[in-house]
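# Coordinate inspection notes
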Amino acid sequence: MKVLVVEDEKKIASFIRKGLEAQGFVVDVAHHGDDGYALALSRPYHALVLDIMLPGRDGLSILRNLRERRSTVPVILLTARSELNERLEGLNLGADDYLTKPFYIEELIARLQAVARRSTGTPASLLEVADLTLNLITREVQRAGRRIDLTPREFSLLEHLMRSPGRVLTRIQICEQVWSYHFDPGSNLVDVYVQRLRRKIDSDAPVPLIETIRGVGYRIRSVIR
Ligand code: CA
């Protein structure tokens, strides 16, 4: 996977490069916004990592200009904690995700892999099951128009269930997809999270969407009957 990183702080740029290269990514780095934009236009990348504050063209301008040119390359923005408005503007401009500094390199890797997976399939940013919707870009979840706040882990669990409605996911599959590690059969981690998710998604609704398949795992109903 080939990634362009546009970041003017050399220490951060080199930390990202080393981390990504160690995972087998091919990485180009630009320290100036104009150089970054020129590279993004001239070479094919699977994803871009754009800092917002840059000398020359800033990260949001690069993103805007690329989208104006109909580029659909996945973009992850790097933002400072204080840059809430920039973050929202970035998502509106078509950024796929963002990370707030400081971050662990593992987070960036996970998000790059996620945006790459999404961009090769259908670019659906909205998952919909019955009256439940999950927006992968704004990370908003609603049931019957009511907004539901989820933790990142709960969101990921719901995302995996909603990606294959009607299909039973075993506890082992859920654990590997949501927690990325091998399942300890004695652990009730998955069940605990499913119960939490159920309280948020199903408790106020006339028809529950999350079903327990005894001895196997869980699934989300594909339709409400
Ligand atoms: Ca910067």
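Now for a look at the structure at hand. Not measured: the values here are computed from a predicted model. In this convention, every chain numbers its residues from 1, walking through the sequence in written order. In keeping with the model being predicted, local features are shown solely for residues with a pLDDT of at least 70 and side-chain atom pairs are shown and tallied solely at 80 or more, while totals for entire chains, interfaces and linings include all residues. Excluded from the side-chain calculations are hydrogens and water; all other atoms, namely the structure's heavy atoms, are used.

## Concerning the nonpolar core
Ranked by internal contacts, the top residues of the largest apolar core, which has 27 residues, are Val141, Leu158 and Ile220. Any two residues having at least one pair of non-hydrogen atoms within 4.5 Å are treated as being in contact. Once you skip the residues sitting within four places of it in the chain, Val141 turns out to touch Leu132, Thr133, Leu134, Arg146, Arg147, Ile148, Leu150, Phe155, Leu158 and Ile201. The next biggest cluster of nonpolar side chains, apart from the first, holds 20 residues, and it includes Ile16, Leu20, Ile76 and Ile109. Residues belong to one nonpolar core when they are buried, are Ala, Val, Leu, Ile, Met, Phe, Trp, Tyr or Cys, and are joined through side-chain atoms within 4.5 Å. Here the term buried applies to any residue with accessible area under 20% of the maximum for its type, exposed to any over 50%, and partly exposed to those in between, with areas from a 1.4 Å probe on protein chains only.

## Re the pairing of strand β11 (residues 210-213)
DSSP calls a pair of strands paired once it identifies at least 2 bridges connecting them. Segments assigned H or I by DSSP are reported as helices when at least four residues long, segments assigned E as strands when at least two residues long, and all are numbered from the N terminus. Bridge analysis of β11 against strand β12 (residues 217-220) gives four bridges, and the strand direction is antiparallel. Bridge pairing links Ile213 to Gly217 in β12.

## Points about the layout of surface pockets
Empty space among the atoms becomes visible once a probe the size of a water molecule is rolled across them. Looking at the largest pocket, its volume works out to about 1,400 Å³. Both site types are read off a 1 Å grid over the protein atoms alone. A 1.4 Å probe that fits but cannot get out defines a cavity, while an open set with protein on both sides within 12 Å along at least five of seven lines defines a pocket; lining residues have an atom within 4 Å of a point. Along the walls of the largest pocket sit 42 residues, with Arg111, Arg139, Pro152, Phe155 and Ser156 positioned nearest its centre. Of all the elements in the fold, those that place two or more residues in the lining of the largest pocket are α4 (84-93), β5 (97-100), α5 (105-120), β9 (146-148), α6 (152-163) and α7 (171-179). Of the residues forming the lining of the largest pocket, the biggest block, eight residues, is contributed by α5. Basically, the charged four are Asp, Glu, Lys and Arg, the nonpolar ten are Ala, Val, Leu, Ile, Met, Phe, Trp, Tyr, Cys and Pro, and anything else, Gly included, counts as polar. Within the lining of the largest pocket, the residues separate by chemical class into 17 nonpolar, 10 polar and 15 charged. A domain assignment, automatic or from a database, supplies the domain bounds used here. In this structure, the lining of the largest pocket is formed jointly by two domains, domain 1 (2-117) and domain 2 (126-220), each of which donates at least three residues. Grid points are joined across faces, edges and corners, and a volume is the space filled by probe spheres set on the points.

## A word on α7
Along α7, the residues classified as buried are Ile174, Cys175, Val178 and Trp179. Angularly, the buried residues of α7 cover 100° about the axis, an arc narrow enough to put them on a single face. On its buried face, α7 is in contact with α6, β10 (169-170), α8 (189-202) and β12. Looking at the residues trailing α7, positive phi occurs at Ser180, about 55°. By definition, the arc is the one covered by directions from the helix axis to the C-beta atoms.

## Focus on the packing of aromatic side chains
Within 6.5 Å between ring centres, the rings of Phe, Tyr and Trp (the latter by its six-membered ring) count as paired, and their orientation is classed by plane angle as stacked under 30 degrees, edge-to-face over 60, tilted in between. Summed over the entire model, instances satisfying the criterion amount to two aromatic pairs. Centre to centre, the rings of Phe15 and Phe103 are 6.2 Å apart; their planes meet at 50°, and the pair counts as tilted. Taken as a pair, Phe15 in helix α1 (residues 10-22) and Phe103 in the loop between β5 and α5 lie far apart in primary sequence, 88 residues in all. A residue is classified by how much of its surface remains accessible, and Phe15, at 38% relative accessible area, is partly exposed. Plain terms: the ring middles of Trp179 and Tyr193 are 5.0 Å apart, the flat faces sit at 75° to each other, and that makes the pair edge-to-face. Within this pair, whereas Trp179 is found in helix α7, its partner Tyr193 is found in helix α8, the two being separated by 14 residues in sequence.

## Considerations on the packing of helix α2 (residues 33-42) against helix α3 (residues 59-68)
Lines fitted to C-alpha atoms define the axes, with helix axes restricted to the stretch in contact, and inter-axis angles between N-to-C directions lie between 0 and 180 degrees. At a closest axis distance of 10 Å, the pairing of α2 and α3 adopts a crossing angle of 25°. Accordingly, the angle class assigned to the pair α2 and α3 is roughly parallel. Every pair of crossing elements has a handedness; the one defined by α2 and α3 is right-handed. The segment α2 lies against α3, with Gly33, Tyr37, Ala40 and Leu41 engaging Ile62, Asn65 and Leu66. When its residues are assigned to classes, the contact of α2 with α3 shows five nonpolar, two polar and no charged. The cut-offs work like this: below 35 degrees is roughly parallel, past 145 is roughly antiparallel, 65 to 115 is roughly perpendicular, and the gaps in between are oblique. For any helix crossing, the convention is left-handed if the near helix is rotated counterclockwise from the far helix by under a right angle, and right-handed if that rotation is clockwise.

## Thoughts on the sheet that holds strand β8 (residues 141-143)
An order of β6-β7-β8-β9 is seen for the four strands of this open sheet, with the pairing classed as antiparallel. The open sheet has two free edges, formed respectively by β6 (126-129) and β9, since each of these has just one partner strand. Direction aside, the axes of adjacent strands within the sheet are offset by 20° on average. Relative to β8, strand β7 (residues 132-135) runs antiparallel, the two sharing three bridges. Of the residues in β8, the one forming a bridge with Leu132 is Arg143.

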